[in-house]
Amino acid sequence: MSNEAAATTHSGRTDAGNVSRRKPVRHSSEAPGRVWHGMAFDAWVRQLSRAGWKLTPGTLPLSLSITAAAAMNSLAHGIEEVFVNRGIDRVEVERPPVFVLGHWRSGTTLLHELLIRDPQFSYPTTYQCILPSHFGHTGYLKPLLGLLLPSQRPMDEMAFGWERPQEDEFALCNLGLPSPYWWIAFPEQADRFRRYLDFADATDQEREAWKRGFLRLLRRMTRKDPRRLVLKSPTHTARIRLLRELFPGAKFVHVSRDPMSVVPSTLRMWRRMTESHRLGQGSDGLNPEFVVETFERMYRRYEEDVALLPPGTLSEIRFEELTTRPVDVLERVYDELELDGFEAARPGLQAYWDRHRDHQPRHHQVPPELTELITARLVRYIERYGYAA
């Protein structure tokens with residue numbers, strides 16, 4: 001979701017060597033398309049049902065446009081099921097995915113962008129993740145549908161395009177599967193949707209539906225491109241145990257970053273997303289307390305799960321080293337995950353970094369009350385990853 005390479009710093013400090021050069025932001029409201037326009041009708045109904053149908057009257061035009069788009073997506077989905085997805089349940093994801101983990105705004109986007117320079121890897125595209133019900137046969141619509149998109153993502157300055165790598169969590173959400181990202185549409189119900197972050201409080205039925213839907217999505221992506229998938233969604237940081245039930249041989253690479261930068265930037269990200277994507281009413285639940293509590297929950301589950309991982313399946317890196325010597329860091333990741341092919345990937349990694357190494361990050365002052373909240377509540381993370389003052 002987030003372009004961590006353009007993330008903020010705190011108290012005037014800078015993080016060396018971030019990724020993308022800053023351009024003037026084109027706010028998403030200038031383009032009519034929203035993420036939710038990619039849902040099929042049944043997914044749209046399921047998600048609204050989870051939210052209790054609590055739409056605010058001011059979003060009626062947006063809701064009607066999503067309903068119309070959902071009907072057309074359902075038609076395309078029916079065609080896809082008949083002519084494209086036959087036998088999809090027999091498709092094997094032969095090489096278990098590599099999962100990029102870390103809190104929002106921690107550097108997961110940069111890490112993902114670097115890893116996919118390796119030609120042995122494939123990745124979910126924005127088209128696949130926004131229009132997951134029919135991406136198998138409607139690629140010819142990309143030029144037309146591109147007119148509905150902003151030139152940049154609403155939460156940051158990163159270029160937005162159908163072929164760019166994207167979070168698979170958006171695909172899961174738009175397929176109508178249980179997802180915490182429905183809190184973007186209904187931030188006043190954020191606590192309600194948070195149970196889908198780690199599924200610890202979800203029902204067995206919800207958990208199994210998610211697993212079936214996720215596996216089917218990856219089978220469809222694998223049929224399009226049989227290379228090994230590299231998947232990036234911060235939500236997966238709290239799902240290692242669940243992911244290994246599907247892919248016992250999965251590999252994980254985790255990136256950490258100073259929470260004094262991560263938390264303020266995450267708050268800004270959710271604010272920018274809800275400005276354009278909100279459908280609900282009432283007070284905004286995506287506040288500092290919610291962000292910090294979600295951070296705590298994510299890393300309680302992460303620490304529990306990584307304790308069970310066998311050798312050769314986890315590599316942990318820091319954003320600060322990734323943005324100063326990325327090629328060396330990636331070489332270590334390949335070694336720790338026992339991945340082949342680094343020398344073939346090296347030229348692409350270096351070329352990508354040479355194009356993006358000069359970015360100057362945005363600077364934010366962190367209010368004293370937010371600093372106090374972070375230092376009091378995230379002390380375990382701060383100590384574990386070496387961010388103590």
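Values in this document were obtained by computation on a predicted structure and should not be read as measured data.

Conventions and cut-offs
What you see as residue numbers is a count from 1 along each chain, following the sequence as written. Local features in this predicted model are restricted to residues of pLDDT 70 or higher, and side-chain atom pairs are both shown and tallied only at a pLDDT of 80 or more, whereas totals for entire chains, interfaces and linings draw on every residue. Side-chain numbers here rest on the full set of heavy atoms in the structure, without hydrogens or water. We define the nonpolar core as a collection of buried residues of types Ala, Val, Leu, Ile, Met, Phe, Trp, Tyr and Cys that are connected through side-chain atoms lying within 4.5 Å of one another. Here's how the labels work: a residue is buried when its accessible area is under 20% of the maximum for its type, exposed when over 50%, partly exposed in between, all with a 1.4 Å probe on protein chains only. Secondary structure elements are defined from DSSP: runs of H or I of at least 4 residues count as helices, runs of E of at least 2 residues count as strands, and each element is numbered from the N terminus. By definition in these notes, contact holds between two residues if any of their heavy atoms fall within 4.5 Å. Along the chain, pLDDT gives the predictor's confidence residue by residue, from 0 to 100. Every angle, taken between N-to-C directions, lies between 0 and 180 degrees, and every axis is a line fitted to C-alpha atoms, over only the stretch in contact when it is a helix. Oblique is the label for any angle not covered by the other classes, which are roughly parallel (under 35 degrees), roughly antiparallel (over 145) and roughly perpendicular (65 to 115). In the scheme used here, Gly and all other residues not listed as nonpolar or charged are polar, with Ala, Val, Leu, Ile, Met, Phe, Trp, Tyr, Cys and Pro taken as nonpolar and Asp, Glu, Lys and Arg as charged. A pair of strands is treated as paired once DSSP finds two or more bridges between them. Aromatic pairs are defined between Phe, Tyr and Trp rings, using the six-membered ring for Trp, whenever the two ring centres lie within 6.5 Å; interplanar angles under 30 degrees are classed as stacked, those over 60 as edge-to-face, and all others as tilted.

If you look at soluble globular proteins, the nonpolar side chains tend to sit buried side by side. By size, the foremost hydrophobic cluster in this structure holds 80 residues, and its most contacted members are Trp36, Trp182, Trp183 and Phe214. In terms of residues, this core owes the most to one element, helix α13 (residues 288-306), which gives eight residues. When near neighbours in sequence (up to four residues on either side) are disregarded, tryptophan 183 contacts Trp104, Ala190, Phe193, Arg194, Trp270, Leu286, Phe290 and Thr294. Listed in part, the 26 residues of the second largest apolar core include Leu110, Leu114, Ile116 and Phe342.

What follows is about the confidence of the model for the protein. Counting all residues, the mean pLDDT for the protein is 89, and 87% of those residues have values of 70 or more. Low confidence marks residues 1-29, where pLDDT is under 50. Its contacts with residues over four positions away, or in another chain, come to 128 contacts.

Glancing now at the packing of helix α1 (residues 41-50) against helix α2 (residues 60-83). Interhelical geometry of α1 versus α2 gives an angle of 140 degrees and a closest axis separation of 7 Å. Here α1 is positioned oblique relative to α2, judged by the angle of their axes. Across the interface between the two elements, Phe41, Asp42 and Trp44 of α1 pack against Ser63, Ile66, Thr67, Ala70, Ala71 and Ser74 of α2. Of the residues assigned to the contact of α1 with α2, the class counts are five nonpolar, three polar and one charged.

Counting through the fold element by element, alanine 351 comes out in helix α16 (residues 342-356). Since its relative accessible area comes to 34%, alanine 351 is described here as partly exposed.

On to the pairing of strand β2 (residues 98-101), then. Side chains Val98 and Val100 project from β2 onto one buried face, and the interleaved Phe99 and Leu101 project onto a second face that is buried too. Judged from the three bridges that link them, β2 and strand β4 (residues 228-232) form a sheet pairing that is parallel. Within β4, the residue paired with phenylalanine 99 across the bridge is leucine 231.

Moving on, we get to the packing of aromatic side chains. Evaluated as defined, the whole model comprises 24 aromatic pairs. Judged by centre distance (5.1 Å) and plane angle (85 degrees), the ring pair of tyrosine 127 and tryptophan 162 falls under edge-to-face. One end of the pair, tyrosine 127, is in helix α4 (residues 126-130); the other, tryptophan 162, is in the loop between α5 (142-145) and α6 (168-174), with 35 residues separating them in the sequence. An identical accessibility class is assigned to tyrosine 127 and tryptophan 162; each is buried. Between the aromatic rings of tyrosine 299 and tyrosine 302, the centroid separation amounts to 5.5 Å while the plane-to-plane angle is 65 degrees, which identifies the pairing as edge-to-face.

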